[in-house]
Amino acid sequence: MSLRIASWNINSIRARPHLIQQLVADHDIDILCLQETKCEDNAFPRAAMEALGFRHFNLAGQRMHHGVAILSKLPLEPVYRYDWQANGEARHIAVRLPSGVVLHNVYVPAGGDIPDRALNPKFGQKLDFLSRMTDWSGALGESSIILGDFNIAPHPEDVWNHKALLDVVSHTPVEVEALTNLRESHNWVDLGRRFVPVPERLYTWWSYRASDWQASNRGRRLDHVWASPDIASTATALHTLVPARSWERPSDHVPLVAEFDL
DNA sequence: ATGGTGGTAAAACCA
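Notes on the structure in this doc start here. (Residues numbered from 1 in each chain as written. Chains lettered and ligands numbered in written order. Predicted model: local features only at pLDDT ≥ 70, side-chain atom pairs only at ≥ 80, totals over all residues. Heavy atoms only, no water.)

## With respect to the sheet that holds strand β9 (residues 189-190)
Neighbouring strands of a sheet are bound in pairs by backbone hydrogen bonds; such pairs are parallel or else antiparallel. The mixed open sheet is built from six strands, whose spatial order is β5-β6-β7-β8-β12-β9. Two strands close off the open sheet at either side, each with one partner strand: β5 (77-78) and β9. Examined bridge by bridge, strand β7 (residues 102-107) and strand β8 (residues 144-149) share six bridges and lie parallel to one another. If you follow V106 over to β8, its bridge partner there is G148. Contacts from helix α3 (residues 121-138) reach β7 and β8, with the element oriented near 170 degrees to β7. (Pairing = 2+ DSSP bridges. Helix = DSSP H or I, 4+ residues; strand = E, 2+ residues; numbered from the N terminus. Contact = heavy atoms within 4.5 Å. Axes fitted to C-alpha atoms, helices over the stretch in contact; angles between N-to-C directions.)

## Points about the pattern of salt bridges
Tallied over the entire structure, the rule returns eleven salt bridges. A single network of salt bridges, built from pairs that share partners, joins D158, D190, R193 and R221. (Salt bridge = Lys/Arg side-chain N within 4 Å of Asp/Glu carboxyl O.)

## A look at the environment of N9
Here N9 is to be found in strand β1 (residues 2-9). Non-local contacts of N9, meaning those with residues more than four positions away in its chain, are made with Q35, E36, Y107, D149, D223, S251 and H253. In this structure the side chain of N9 is engaged in a polar contact, spanning 3.1 Å, whose partner is the backbone nitrogen of N11. (Polar contact = N/O pair within 3.5 Å; in protein donor to acceptor, adjacent residues only side chain to side chain.)

## Here we look at the sheet that holds strand β3 (residues 56-60)
The strand order across the open sheet formed by six strands is β3-β4-β2-β1-β14-β13, and the pairing between neighbours is mixed. Because the sheet does not close on itself, it has two edges, and the strands there are β3 and β13 (235-240). Within this sheet the neighbouring strands show an average axis-to-axis angle of 15 degrees, counted without direction. Most of the contacts of helix α1 (residues 17-26) go to β1, to which it runs at about 155 degrees, and overall it touches β1, β2 (31-35) and β14 (256-261).

## Structural notes on the protein's contact with DNA strand B
In the vicinity of DNA strand B lie 13 residues, with S12, R16, M64, Y208 and R209 positioned nearest. The contact atoms of DNA strand B, taken as those within 4 Å of the protein, divide so that sugar and phosphate hold 68%. One nitrogen or oxygen atom from the side chain of K122 is found 3.3 Å from a phosphate oxygen belonging to DNA strand B. Between a sugar or linking oxygen of DNA strand B and a main-chain N or O atom of Y208, the distance comes to 3.0 Å. (Near = heavy atom within 4 Å.)

Printed below as a string of structure tokens:
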């Protein structure tokens, strides 16, 4: 069975249903994993999404901030939600695919502006979130896919200027180390770099604060799709849909579309 | 070095 699984930080589902419509019209998405839906589950635009062919919803939303969702054209078994911070923030939801593989959709905290735990509690919370995720991931026994907005660009080629971003949250050495520890805890395979190896540059996010995002091209690869090593070979492609950054009223993130024979 | 934009929701706070 061929599955097309998309991951997208949509930056408010209610502000951008037209982007989902465009993605589904251009690409044949079976399962859509969203981050930053920014709405409670009872406000989720189900009818509009059903009109695009998604009949099955696994929602973990909250008022105003965060929020993740998995929309699917095929029925999926809910697995669980996880709260690595134990603070109620809606940052994870998981489902089981028909093959038995578990799909985890995650929104890692951004971490604030100052990369110092003492001066900026949000940065410490981000590192602690990753540390707890690493413990959880190391104990996972199942074939799994984990994807979403990880809010870290690990390689020098994952940012527009490695040296300039060494002290910018998302690319600091301590964050890169935390993401490396997470990846190695389960020998996760970074599919983004499997299909577009370093040193080619690859970005998934461009700030809104640029007059011309394409001309300046100050991007970062913050969004990721990882597979557990036993099923990594079932991945046949991972597309980064850069043109979506120019769609009407865009998200600052672009969608990733992964293809699996599962 | 600074500030640049956008969503939520009604003034900041978050990204």
